[in-house]
Amino acid sequence: MPALPAWATLLPALAMLVFVLLPPANHDAAVILDVAQRWLLGEALYRDVVDVNPPLIFVLNLLPAAIAKWTPIPVIPAFKICLLGLCWLSIRLMRRLRTGMAEGPAEAATLDAVLPLLLFAGGYDFGQREQMMTLTALPYLILAARRLDGPPVAGRLAWGTAVLAAIGFALKPHFLAVPLAIEALLLARAWMQGVPARRAALRDPVPWIMAAVWAVYLASIPVFFSDYVTIVLGVFGDAYLAYAAPSMRVLLSEPRFGTALLLMVIAVWLAAGPGSGALARCFTLAAVGAAGSAIVQQKGWSYHILPIELFALGAIAITGARLLDRMIWLRPEMSQRVGLAAAMAVLVHMSAVGAAPWPQLGFGSQPEDRMGAFLQRELGAPGARVLVLATSIWPIHPGLQYAGARSTLRTVDLWPLRVAYTRGCPEGAFGRNVPRYRDDRWMEPSERFVWRSVGTDLLVDPPDAILVALRPDIPSCGNSRFDLLAYFRRNPDFAAGFSHYAPVARYIGFELYRRIP
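Within any chain, residue numbers begin from 1 and follow the written order of that chain's sequence. Under the rules for a predicted model, residues below a pLDDT of 70 receive no local features and side-chain atom pairs below 80 are neither given nor counted, while totals for whole chains, interfaces and linings still include all residues. Heavy atoms throughout the structure, all of them, feed into the side-chain values; hydrogens and water do not.

**Comments concerning the environment of Ala-158**
Formally: Secondary structure elements follow DSSP: runs of H or I no shorter than four residues count as helices, runs of E no shorter than two count as strands, and numbering proceeds from the N terminus. Contacts: residue pairs with any heavy atoms within 4.5 Å of one another.
Relative to the assigned elements, Ala-158 resides in helix 7 (residues 155-169). For the pair Ala-158 and Met-133, spaced 25 residues apart in the sequence, the C-alpha separation amounts to 18 Å. If we skip the residues at most four places from it in the chain, Ala-158 touches Leu-143, Val-153 and Val-206.

Given below as structure tokens:
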């Protein structure tokens, strides 16, 4: 049987690369881009534009925002170009870190095929923080394997890998479960090997470099982003905890999460056997840490599950290839086929869970997919400012980005209202003579912030258009549904500002108002 050319094993990765470059862009990634653009244009982060995410993700998104501002490249293509640059850096680091490692023919071919595929296998979630963390974690896992079994890594390469990984893990505090699991393995291994190994482990610069990056970042938040402490944590902290209240029942009812846990269990079982190797064990521990992160968040969203899948699939592929290398009947020319088969298995799984290519191939078939075209048609030239009154970000985002428009709402959506009226009625309203909507005096801080800022901003700095969700995701109070315009028109500033707008179009449950010249 003739050997496959080396490039053939890259076909699954190249296929995924094509799909992640196609629309749609991930809606959460689009919102973060919108915040970064507004920050770059002079709005104060966490005051004029408020989101609960810590600042690092917005700092990183300043680069594609700047590219879109100062070049003809739109913001979403600029964002994907930056992500491809991060993928290229990860590939370079992984290739350098693999140099000198003992790899059998099947293992080497599998790593050549699977590692690039893992960079793009997120599909629709390409650009999510979990996917970005995975990009930065892959070189770190190879570094950890070399710290376990050798050979030693040169200082600059190890330090650069550690810094990149520390930045990725700092995107969310939950992500720290991954390096904690890896470093615990390294420390336990050293502790069992005696005093010299313990001393060497404590002198290892990698964990100290990562800890230093996290400490500097944490210390910088109150210094450079004081509004995060006073406004996000002070005004919105309690409301967000209620909004994001975890539910283990929701998590366990998500089939994709159960499948990911099964993959993780298989990876653990294989890694516990003889001959699995240090790299497979590191991938397995990363999957366990990612599972811990997903369990803490307890939402079962696709991007929370994604790192479990990618790390577990990587671990299974590596262990399987190592087992095949130990079989005497496996001829060297068959190794490329082993790598291609492993990559195809990863590709089939990620396709089955809907990461790609189905969202990309089906894009445009549903009315929600054409929100960008609707906004572009109604708003005209790029650069329009739109006040979006909606309780969810999809399908507004990435529709706004495709239309070249940007939001003026201080919060990314009206999620504080969902918290304030989570049961539909204000306390005591149902069945009693109590107003449908709270008076300003009885609002929680987060609702009052939204109530006042929407009215003031509309009056002082009116946008080009207002987009209103006709049926917001807020329960009804008896027979009375929540009407966003009726809610905000009680605010004199909003009522005065809104009088200068007229309805121009409706589309899939949204009504668009344009400012009257």
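**Some words on helix 10 (residues 205-224)**
Applied cut-off: To estimate the expected span of a helix, subtract one from its residue number and multiply by 1.5 Å. Think of it in three bands: residues with accessible area under 20% of the maximum for their type are buried, residues over 50% are exposed, and the middle band is partly exposed, with areas taken using a 1.4 Å probe on protein chains only. The directions from the helix axis to the C-beta atoms form the arc being described.
Along its 20 residues, helix 10 runs 28 Å from first to last C-alpha, staying within 8% of the 28 Å computed at 1.5 Å per residue. Along helix 10, the positions that sit buried rather than exposed are Val-206, Ile-209, Met-210, Tyr-217, Ser-220 and Ile-221. Buried positions in helix 10, seen along its axis, are confined to an arc of 120° and lie on one side of it. Exposed side of helix 10, more than 90 degrees from the buried face: Trp-208, Leu-218 and Val-223 are the residues found there. Looking at the buried residues of helix 10, the elements they touch are helix 3 (56-70), helix 6 (129-149), helix 7, helix 8 (177-192) and helix 11 (226-235).

**Digging into the nonpolar core**
As a reminder, the rule being used: In plain words, nonpolar cores are sets of buried Ala, Val, Leu, Ile, Met, Phe, Trp, Tyr and Cys residues tied together by side-chain atoms within 4.5 Å.
Grouped together as the largest cluster of nonpolar side chains are 113 residues, with contacts concentrated most on Phe-169, Phe-283, Phe-311 and Met-350. Among the elements that take part in this core, helix 6 stands out by supplying 12 residues, more than any other. Leaving out residues up to four positions away in the same chain, Met-350 has contacts with Met-16, Ala-121, Arg-256, Leu-306, Glu-309, Leu-310, Leu-313, Ala-355 and Ala-356. Counting 44 residues, the second-largest nonpolar core is a separate cluster that includes Met-371, Leu-379, Phe-482 and Phe-494.

**Examining the sheet that holds strand 3 (residues 465-469)**
Quick reminder of the rule: Should DSSP find at least two bridges between two strands, the strands are regarded as paired. Fitted lines through C-alpha atoms serve as axes, helices being fitted only where they are in contact, and the angles separating the N-to-C directions of these axes extend from 0 to 180 degrees.
The strand order across the open sheet built from five strands is 2-1-3-5-4, with neighbouring strands paired in mixed fashion. Looking at strand neighbours, the two that pair on one side only are strand 2 (406-407) and strand 4 (501-507), the edges of this open sheet. Of the strand pairs in this sheet, strand 4 and strand 5 (residues 510-515) are connected by six bridges, and their pairing is antiparallel. Residue pairing for strand 5: Tyr-501 is matched across the bridge by Arg-515. Sheet strands in contact with helix 20 (residues 396-403) are strand 1 (385-389), strand 2, strand 3 and strand 5, and its direction is about 170° off that of strand 1.

**Some thoughts on a nonpolar patch on the surface**
Defined as follows: Distance thresholds for patches are 9 Å for like charges and 5 Å for nonpolar side chains (Val, Leu, Ile, Met, Phe, Trp, Tyr), applied to residues having over 30% relative accessible area and no salt bridge. Exposure was quantified through the Shrake-Rupley algorithm and a 1.4 Å probe, taking into account, for residues, occlusion by the shown protein chains and nothing else. Salt-bridge detection follows one rule: a side-chain nitrogen of Lys or Arg within 4 Å of a carboxyl oxygen of Asp or Glu.
The grouping of Trp-7, Leu-10, Leu-11 and Leu-14 at the surface amounts to a nonpolar patch, some 400 Å² of accessible area in total. In this structure, Leu-14 sits in helix 1 (residues 11-21).

**Quick look at helix 3**
Spelled out, the test is: Here the bend at a residue is taken as the angle between two axes, fitted respectively to the seven residues that end there and the seven that start there.
End to end, helix 3 covers 22 Å across 15 residues, agreeing with the expected 21 Å (1.5 Å per residue, within 8%). A maximum bend of about 30° is found in helix 3 at Leu-62, where proline Pro-64 lies one to four positions downstream. Among the residues of helix 3, Leu-56, Ile-57, Phe-58, Asn-61, Pro-64, Ala-65, Ala-66 and Ala-68 are the ones counted as buried. Of the surrounding secondary structure, the elements contacted by the buried residues of helix 3 are helix 2 (27-40), helix 4 (75-98), helix 6, helix 7 and helix 10.

**Focus on the packing of helix 6 against helix 8**
Applied cut-off: Comment on the angle field: the value is read as roughly parallel under 35 degrees, roughly antiparallel over 145, roughly perpendicular from 65 to 115, and oblique elsewhere. Polar here means any residue other than Ala, Val, Leu, Ile, Met, Phe, Trp, Tyr, Cys and Pro, which are nonpolar, and Asp, Glu, Lys and Arg, which are charged; Gly is therefore polar.
For the pair helix 6 and helix 8, interaxial distance at closest approach is 11 Å and the crossing angle is 0°. When the axis of helix 6 is compared with that of helix 8, the two are roughly parallel. Between helix 6 and helix 8, the contacting residues are Met-133, Tyr-140, Leu-141, Ala-144, Arg-147, Leu-148 and Asp-149 on the first element and Val-178, Pro-179, Ile-182, Glu-183, Leu-185, Leu-186 and Arg-189 on the second. Residues of the contact of helix 6 with helix 8, tallied by class, amount to 10 nonpolar, no polar and four charged.

**Let's talk about the side chain of Thr-136**
For clarity, the cut-off: Under this definition, polar contacts are N or O atom pairs within 3.5 Å; protein pairs additionally need one hydrogen-donor-capable and one acceptor-capable atom, and for neighbouring residues in sequence, both atoms have to be side-chain atoms.
Residue placement: Thr-136 occurs in helix 6. Polar side-chain contacts of Thr-136 include one of 2.9 Å to the backbone oxygen of Met-133. Setting aside its immediate chain neighbours within four residues, Thr-136 contacts Leu-86, Leu-164, Ala-165 and Gly-168.

**Points about the pattern of salt bridges**
A complete count under the given rule lists 19 salt bridges for this structure. Note that Arg-441 is salt-bridged to Asp-439, the shortest N-O span being 2.8 Å. Between Glu-511 and Arg-506 there is a salt bridge, with its nearest N and O atoms 3.3 Å apart. Judged by relative accessible area, which is 11%, Glu-511 ranks as buried. Assessed through its relative accessible area of 60%, Arg-506 is described here as exposed. By sharing partners, the salt bridges in this structure join Arg-98, Glu-103 and Asp-112 into a single network.

**Section: the pairing of strand 3**
Burial analysis of strand 3 places five of its five residues in the buried class, which makes it a mostly covered element. On strand 3, burial covers both faces: Ala-465, Leu-467 and Ala-469 on one face and Ile-466 and Val-468 on the other are all buried. One ladder, built from five bridges, connects strand 3 with strand 5; its direction is antiparallel. When the bridges of strand 5 are listed, Ile-466 appears paired with Tyr-513.

**Let's talk about the packing of helix 1 against helix 5 (residues 105-120)**
Following both chains from N to C, one finds helix 1 and helix 5 inclined at 10°, their axes separated by 8 Å at the closest point. Relative to helix 5, helix 1 is oriented roughly parallel. Residue-level contacts link Pro-12, Ala-13, Met-16, Leu-17 and Val-20 of helix 1 to Pro-116, Leu-117 and Phe-120 of helix 5. Residues of the contact of helix 1 with helix 5, tallied by class, amount to eight nonpolar, no polar and no charged.

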